[in-house]
Amino acid sequence: MQRLYAEALRQGPSTRGELAGKVGLPHPVMSEAFERLVALELLEPGCAHSDVYNRRLLEVAEARTLAPLRRAVDDAERRLVTAAGEFAALRETQAAVEEAGHRENVAVEVHPHDIDPMLELAAEDCRTEVLTAQPGGPRPVHALSRAQERDTAMLERGVAMRTIYQHSARFNSPTEAYAARLGAAGAEIRTLEVLFPRLIIFDRRVAFIPAREPEALLIRHRDVVSYLVGVFELAWQAASPIESAYKSRRDGLVISDVQKAISRLLLIEEKDAAIARRLGISERSCRQHIAAIMAQLGARNRTHLGFLLADELYE
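Numbers given to residues run from 1 along each chain, matching the order in which its sequence is written. Selection of residues for local features in this predicted model requires a pLDDT of at least 70, selection of side-chain atom pairs for listing and counting requires 80 or more, and totals for whole chains, interfaces and linings are taken over all residues. To obtain the side-chain values, all non-hydrogen atoms of the structure were included, while hydrogens and water were left out.

## Brief notes about empty space enclosed by the protein
Right, so step 1: Put plainly, a pocket is an open set of points on a 1 Å grid over the protein atoms alone with protein on both sides within 12 Å along at least five of seven lines, a cavity is a set where a 1.4 Å probe fits but cannot get out, and a lining residue has an atom within 4 Å of a point. Grid points are joined across faces, edges and corners, and a volume is the space filled by probe spheres set on the points. Following the criterion strictly, the structure yields one cavity of 30 Å³ or more and no others.
Right, so step 2: Approximately 160 Å³ is the volume attributed to the largest cavity.
Right, so step 3: If you go around the largest cavity, you meet 18 residues; those closest to its centre are T132, Q134, R150, D151 and Y178.
Right, so step 4: The way it works is that DSSP assigns letters per residue, a run of H or I at least four long becomes a helix, a run of E at least two long becomes a strand, and they are numbered from the N terminus. Elements with a minimum of two residues in the lining of the largest cavity: β5 (129-134), α6 (141-156), β6 (160-166), α7 (173-184) and β8 (199-202).
Right, so step 5: A total of four residues in the lining of the largest cavity trace back to one element, the largest contributor, which is α6.
Right, so step 6: For this scheme, ten residues count as nonpolar: Ala, Val, Leu, Ile, Met, Phe, Trp, Tyr, Cys and Pro. Four count as charged, namely Asp, Glu, Lys and Arg, and the remainder, Gly too, count as polar. Partitioning the lining of the largest cavity into residue classes produces 11 nonpolar, three polar and four charged.

Structure below.
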């Protein structure tokens, strides 16, 4: 674009072809640069049906282009400040009404499209602590990327962060790397073989839990949030600090926990897919663990395994 504009300044009124011939750029690059100069009003047609373009002085084009953009930014900032002030005042009103005993809005269903924006807002407002339970094994890479900036910002301003995953998350490289980055920034992360549904609590004041798929439920009732904190704390005490996948495999503790959980679930659940879903692992991994359990106990088949497990777990 700079080369093309320099040539336009030297030549004066020129056709597109004349400019292209002088700068010697590949056609796609030339076309993109030319259209951008026209958009910035540095090149303009001589008249309605002319293929000759006049160059415009940089200062004139800059003033015409940037002035409306600056006005738009200023207007957006004013509207942001106004709206933020209005919502802050209304939040105080809502808190006063709830304090007076009118609690019909302390549990609100959140539409799927509104979940991420509301989580972002709650994270921005969070000042002391965030507690998170993330069941289902490894998290998708795009979800980790989206959460990293938000979580890092909270940690940088001194928010304490504790997160529980399922054991299977230890063996997923993106989740392991994400946990290492957050751990280095001050977060505490543990894993558990079986975990309750997803839970996020900000400042022991606001909680998000699953509702009817795919919605979520926002809870502000202090007693309910306090109960959820208690549930989290019980799980936290039972969970193990996260280690690298290598160390988890070497020590064998996580594998042992997973196989114990499978052993318990085999007595109440027939389908391997359902067991795998509960533990956040693949069905193939679940079958491999079951095969290992059968070998350890000397079970001849699944029926015999059930008998041996019941005898071992309940004797």
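The discussion continues.
## Examining the layout of surface pockets
Right, so step 1: If you add up the space inside the second largest pocket, you get close to 670 Å³.
Right, so step 2: In terms of lining, the second largest pocket is formed by 27 residues, of which the most central are I115, Q134, R198, P210 and P214.
Right, so step 3: Those elements that provide at least two residues to the lining of the second largest pocket are α5 (112-125), α6, β8 and β9 (206-210).
Right, so step 4: Taken together, the residues of the lining of the second largest pocket sort by class into 17 nonpolar, three polar and seven charged.

## Some details on the nonpolar core
Right, so step 1: Among the nonpolar cores identified, the biggest contains 26 residues, and V130, M154, M161, L182, F202 and F208 are the most heavily contacted of them.
Right, so step 2: Contributing elements (two or more residues each) for this core: α5, α6, β6, α7, β8, β9 and β10 (216-219).
Right, so step 3: Between two residues, a contact is recorded if the distance between any of their heavy atoms is within 4.5 Å. Beyond its immediate stretch of four places on either side in the chain, V130 contacts M154, V159, A160, M161, R162, I200, I201 and F202.
Right, so step 4: In this text, buried Ala, Val, Leu, Ile, Met, Phe, Trp, Tyr and Cys residues form a nonpolar core when linked through side-chain atoms within 4.5 Å. For every residue, the accessible area (1.4 Å probe, protein chains only) is compared with the maximum for its type, and the residue is labelled buried under 20%, exposed over 50%, or partly exposed between those bounds. V258, A276, I290 and L308 belong to the second largest nonpolar core, which has 17 residues in total.

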